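Inside the fold
One-letter residues, chain by chain:
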Amino acid sequence: MARLGILGVIILIATIASCALQFDVYCSASEAQENNKNFRIDLIRRDSRIPSNAERLQRAIERSKQRLQRLQHYISQNAGLGSKSYYSPISAADGEFVMQIGIGYPVPVTMDAILDTGSDLIWTQCQPCDDYCIPQSDPMYNPAQSSTYKNISCSSYFCLAVGTHKCDGGANCIYYYQYGDSSHTSGVLGYETLSLATAALRARTYIPQIAFGCGHDQGGYFDNSAGIVGLGRGPLSLVSQIGSSINNIFSYCLGSMENKAQSSPLFLGRAGTFGSDFNVTPLIRNNPFPTFYYLGLTGIDVGDEPVEIPDGTFKIGADGGGGLIIDSGTTLTFFVDPAYTPFVAAVRSAIEAQAVDSSQLGFDLCYNSTSDLRIPSITFHFAGGAEYVLPPENSFISNEEDTGGLFCLAFASSGSAGSISIFGNIQQQNFHIVYDLGRNNLYFTPADCDSM
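All residue numbers refer to position in the chain's written sequence, counted from 1. A pLDDT threshold of at least 70 governs which residues receive local features in this predicted model, and a stricter bar of 80 or more applies before side-chain atom pairs are shown or counted, although totals over entire chains, interfaces and linings include all residues. The side-chain quantities take in all heavy atoms of the structure and omit both hydrogens and water.

**Considerations on the overall build of the chain**
- Put simply, DSSP H or I for four residues or longer makes a helix, DSSP E for two residues or longer makes a strand, and each gets a number counted from the N terminus. Within the chain one finds six helices and 30 strands.
- Residue exposure (1.4 Å probe, protein chains only): buried if accessible area is under 20% of the type maximum, exposed if over 50%, otherwise partly exposed. The buried share of the chain, reckoned over its 452 residues, is 59%.
- Any two residues whose heavy atoms approach within 4.5 Å at even a single point are treated as in contact. Restricting the contact set of the chain to residue pairs at least 6 apart, pairs at least 24 apart contribute 73%.
- Throughout, the Shrake-Rupley method with a 1.4 Å probe supplies accessible areas, and for residues the shown protein chains are the sole cover considered. When the accessible surface of the chain is split by element, carbon and sulfur atoms take 47% of a total near 17400 Å².

Below you can see the structure in the form of structure tokens.
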């Protein structure tokens, strides 16, 4: 399979419902909070320019499996050893979205950076960077041409949060950040103005004093991106740094992967309102691995029948291993074998049609699309009594160009008991999903994402 790509890597082009009611508005975090400002950002699937649905799906699945493998390796190597916020377990090119941002003021350098819920640090390549930089198609940011760039000192909170660091002669913070595939970035930690723009790039909202890595030494594979925007739960991530100005809330509504031309909204703040029609379940903190968004999955129904899953299958272990995370950057949903094996058996038993051999496709359960398929409902029971009911298009995926017209179950095994499970983005399609980090809750409800 191709190494690159995924349904989900998305170009974030800000459609601002905030301070940017006029062109080029400079808005501080305190002003945004006082004025209750929010951001809406339109998301475009990274592979939307690829005409073949088969190729887009192939890339998505391959990257999902690579992402899972790196997560498993990282957690198995570090369970019980405490937090390493300066290390991301995934590949730097695994992120499922690409975010168009601006760096600097008054004339920002616009670039595409990978948006990554599996890491925290925001960074971009910086001039001078002749010998130790990686190729990128976007212009390279030069801090000397910005009036708002400032080095971060070694004694600052952010310098301590980045983990591996040292001080230069001027007491500036020199960081080193490594990814799961041994890619890395190193440079000076600084403050800078981050800007988000409309699709036409005519209006901007400027967010000052964002801590980021100004990378002068990069190595490894970054998929031609100009950097990373971390969206995890750690202190260096974008949502953590601007938390007070967005009420510690962000949300998204991902449209169907088959509709490659339609954008999907991401909301920073309360622009995507939610009410009594939303289910709610707690976000669980896992101290050894604080970046990820863990959920308490307590049971699964196929049709009206509960799947026989051993108690505690999805619980986080004493060493921090196991558990289930929700991740917009993984395409399929992965369950550990004690849940996955009976789950697939229950789905197979509930469908009267004859399954076909799909081993060469990388799926465990497929049916001919010409069959009169009656796909059962699948319900996930989360802590707090929340129920997440999948429509058929969130359970099975079609790839008619390469599979001869097959519908395949969009789930896979993550391995033996104690491994991590992942709730992927196919299962999140056409749900409005809200992360309320202030209350440590996840809210969700079915929605027509294309019309939001």
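After presenting the structure, the write-up continues.
**A closer look at the state of the cysteines**
- Working definition: a disulfide is two cysteine sulfur atoms within 2.5 Å of each other. Applying the stated criterion to the full structure yields six disulfides.
- One disulfide bridge connects C154 with C167, the sulfur atoms lying 2.1 Å from each other. Placement of the pair is C154 in the loop between β8 (150-151) and α3 (157-161) and C167 in strand β9 (residues 165-167), with a sequence separation of 13 residues.
- A relative accessible area of 49% means that C167 is categorised as partly exposed.

**Some points on the packing of aromatic side chains**
- Classification of ring pairs uses Phe, Tyr and Trp, with its six-membered ring standing for Trp, and accepts pairs whose centres are within 6.5 Å; under 30 degrees between planes counts as stacked, over 60 as edge-to-face, and the remaining range as tilted. Inspection of every chain in the model, using the stated rule, returns 25 aromatic pairs.
- Summarising the aromatic geometry, the rings of Y105 and Y206 are spaced 5.1 Å apart at their centres and angled 90° between planes, so their arrangement reads as edge-to-face. You can see Y105 sitting in the loop between β5 (97-103) and β6 (109-116) and its partner Y206 sitting in strand β12 (residues 204-219), a full 101 residues away along the chain.
- With relative accessibility at 26%, the residue Y105 sits in the partly exposed group.
- Measuring from ring centre to ring centre gives 5.5 Å for F314 and F335, while their planes differ by 65°; the resulting arrangement is edge-to-face. Linking F314 in the loop between β19 (305-306) and β20 (324-326) with F335 in strand β21 (residues 333-336), this pair joins segments that are 21 residues apart in sequence.

**What to know about the pattern of salt bridges**
- Salt bridges are counted wherever a side-chain nitrogen of Lys or Arg sits within 4 Å of a carboxyl oxygen of Asp or Glu. Inspection of the entire model under this criterion finds one salt bridge.
- R439 is the partner of D436 in a salt bridge, and the nearest nitrogen-oxygen pair spans 2.9 Å.
- Of the residues examined, D436 reaches a relative accessible area of 2% and is grouped as buried.

**Points about helix α5 (residues 337-350)**
- Expected span of a helix: the number of residues minus one, times 1.5 Å. The end-to-end C-alpha separation of α5 is 20 Å, in line with the 20 Å expected for 14 residues at 1.5 Å each.
- Those residues of α5 that fall on the buried side of the exposure criterion are A339, Y340, F343, V344 and V347. Buried residues of α5 fall within an arc of 120° about the axis and therefore sit on the same side. In this structure, α5 carries T341 and S349 as exposed residues pointing more than 90 degrees from its buried face. Of all possible arcs, the one meant is that of the directions from the helix axis to the C-beta atoms.

**Some words on the side chain of S245**
- For S245, the position within the fold is in the loop between α4 (238-241) and β14 (249-253).
- A relative accessible area of 6% places S245 in the buried class.

**Remarks on unusual backbone geometry**
- Following Y105, the chain continues into P106 via a peptide bond in cis, with omega recorded as 10°.
- Along the chain, P106 falls in the loop between β5 and β6.
- The linkage connecting Q127 with the following residue, P128, adopts the cis geometry, with an omega of -5°.
- Summarising the element assignment, P128 is placed in the loop between β7 (123-125) and β8.
- Although it is not a glycine, Q209 sits at a positive phi angle of roughly 60°.
- The backbone of N248 sits at a positive phi, close to 55°, despite the residue not being glycine.

**A short note on the sheet that holds strand β23 (residues 378-382)**
- When DSSP finds two or more bridges between a pair of strands, those strands are recorded as paired. Strands sit in the order β19-β18-β23-β24 across an open sheet of four strands; the sheet is antiparallel. The two strands at the open ends of the sheet, each matched to only one other strand, are β19 and β24 (386-390).
- By the bridge criterion, five bridges tie β23 to β24 in an arrangement that is antiparallel. For T379, the partnering residue across the bridge sits in β24 and is V389.
- Note on definitions: angles span 0 to 180 degrees between N-to-C directions of axes, and those axes are lines fitted to C-alpha atoms, for helices only across the stretch in contact. On top of the sheet, α5 reaches β18 (297-302) and β23; it is set at about 20° to β18, its chief contact.

**Describing the pairing of strand β15 (residues 264-268)**
- Across the five residues of β15, five count as buried, placing the element largely inside the fold.
- Where burial is concerned, the two faces of β15 agree: the one with S264, L266 and L268 and the one with P265 and F267 are both buried.
- Here three bridges tie β14 to β15, and the two strands are oriented antiparallel to one another. If you follow Y252 over to β15, its bridge partner there is L266.

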